[in-house]
Amino acid sequence: MTNVMIAPSLLRVLIGGACAVIILAGMKAAAPVLNIILLALLLAQSVIPFTAWLIRKGAKPALSVLLTVLVVLIGGFAILSLLGVSISDLIRKLPFYQERLAGLRDSLQAFLAARGIDAATLVPLDAIPPKRIIELAAGILGTVAGTMGNGLLLLVVTIFMLIELLTVQQKLGEGVYPEGSVMHRFEEINRDTRKYVAITGIAGFAQAVINTVALLAIGVDYAITFGVFFFFCNFIPAVGFFIALIPPLLIALLDRGWVQALYVLGAWWLVNVIFDNVIKPKFMKEGLDMPLILIIVGVIGWTWVLGPVGAILAIPLTMAVSRLARFTGTA
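What counts and how
Within every chain, residues take consecutive numbers counted from 1 along the sequence as written. In keeping with the model being predicted, local features are shown solely for residues with a pLDDT of at least 70 and side-chain atom pairs are shown and tallied solely at 80 or more, while totals for entire chains, interfaces and linings include all residues. Just so you know, side-chain values use all the structure's heavy atoms and leave hydrogens and water out. Only residues whose relative accessible area exceeds 30% and that form no salt bridge enter a patch; like-charged residues are grouped when within 9 Å of one another, and nonpolar side chains (Val, Leu, Ile, Met, Phe, Trp, Tyr) when within 5 Å. Here, Shrake-Rupley sampling with a 1.4 Å probe gives the accessible areas, and only protein chains in the shown set may cover a residue. Any carboxyl oxygen of Asp or Glu that lies within 4 Å of a side-chain nitrogen of Lys or Arg is treated as forming a salt bridge with it. Think of it this way: any DSSP run of H or I at least four residues long counts as a helix, any run of E at least two long counts as a strand, and we number them from the N terminus. For each residue, the accessible area found with a 1.4 Å probe, counting protein chains only, is set against the maximum for its type, and the residue is called buried under 20%, exposed over 50%, and partly exposed in between. Note on contacts: a residue pair is in contact if any heavy atoms of the two residues lie within 4.5 Å. Ring geometry is summarised as follows: Phe, Tyr and Trp rings, the Trp one being its six-membered ring, pair when their centres sit within 6.5 Å, and such pairs are stacked at plane angles under 30 degrees, edge-to-face over 60 and tilted between the two. Lysine and arginine charges are scored as sitting over a ring when NZ or CZ, respectively, is within 6 Å of the ring centre and within 35 degrees of the ring normal.

A.B. asks: Run through a nonpolar patch on the surface, naming residues and quoting values.
C.D. replies: A cluster of nonpolar residues, Phe50, Trp53, Leu63, Leu66, Leu67, Leu70, Val71 and Ile74, forms a patch on the protein surface that exposes about 720 Å² of accessible area. Elements with a minimum of two residues in the nonpolar patch: helix 2 (31-56) and helix 3 (61-114). Among the elements that take part in the nonpolar patch, helix 3 stands out by supplying six residues, more than any other. Its place among the elements puts Phe50 in helix 2. According to the relative accessible area criterion, Phe50 is partly exposed, its value standing at 33%.

A.B. asks: I'd love a proper account of unusual backbone geometry, names of residues and values included.
C.D. replies: Even without being a glycine, Tyr222 presents a positive backbone phi close to 60 degrees. Residue classification places Tyr222 among the buried residues on the basis of a relative accessible area of 11%.

A.B. asks: Any chance you could break down the environment of Gly298 for me, citing the residues and the numbers?
C.D. replies: Tracing the backbone through its elements, the reader meets Gly298 in helix 11 (residues 292-306). Relative accessible area serves as the criterion here: at 7%, Gly298 is assigned to the buried category. Among residues more than four places away in sequence, those in contact with Gly298 are Ala314 and Thr318.

A.B. asks: Please provide a residue-by-residue account of the packing of aromatic side chains, values included.
C.D. replies: Here the structure, examined in full by the defined rule, presents six aromatic pairs. Here the aromatic rings of Phe231 and Phe232 are separated by 5.4 Å at their centres, their planes lie at 80 degrees, and the arrangement is edge-to-face. Using a relative accessible area of 14% as the deciding quantity, one classes Phe231 as buried. Both rings, one in Phe241 and one in Phe242, keep their centres 5.4 Å apart while their planes meet at 75 degrees; by these two values the pair is edge-to-face. We classify Phe241 as buried; its relative accessible area is 11%. A connected cluster of aromatic rings, assembled from ring pairs, spans Phe231, Phe232 and Phe235. A cation over a ring is seen here: Lys28 above Trp304, with NZ or CZ 4.5 Å from the ring centre.

Quick look at the structure:
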């Protein structure tokens, strides 16, 4: 009797698990295309507050959308052009950075040896040859440069996503969709995610601008490129700041020396402390409403499914899935 009662529940769990595996496998296979769509949705949700601000200032909705599209196009083309030039120049200068890195390693070994310290007993410096590090960096930059061709497609999809999201919001406000419709459910599931993405996007943009200005003031090359990189890393919880900090810190160290590297570290750390402890909490008073373990599992899982882009999209996707599960569980 007990087995008969348990079997349907067990069957639902098995079927649900099988469906989840199939969906994740499909997402992993379609990651190159899916990443563009999801990043476009992320960017569209990040710029929606600008459109809403224009409407509140008295601009007509059509004009607000047009101005937002123009900002996205002009800003997008400018950023893509700067990124293309910066990445090409970085690849060209990699041999120079290899020599500087080797010299830095030798100087560190000599400094420790002069004080009677065997560097090999502290850090296996020979196990991380500068040539290998530079080859790895060249591979990463080559991959990024290879995906630059998708930049125009990303901009176009972002514009369509923005228009569609605004259209759905307008129709929901006018009562076009009946209560309980798919669009109403989508809006309920997407509301918290959109709020998080918008706040994180605005704060990340402001912080990226300040960090870029700081790099320009210090004299670090590729400041705008590192600012754009920070904007996307800002969506990665906990470790995003440190991932974004490593490239400008390393370039400052190799190009300018220890003093400028410390300036970069101090400036970025100070800005990050102010935003994380003063500015962001004022807008996200309730936080993510997710346990830490779920955030960690989400970052690892979505990175495995979608690649490095999955780390950027991890929190929005995890929030959406969590809200969907909660919604269907109470339906």
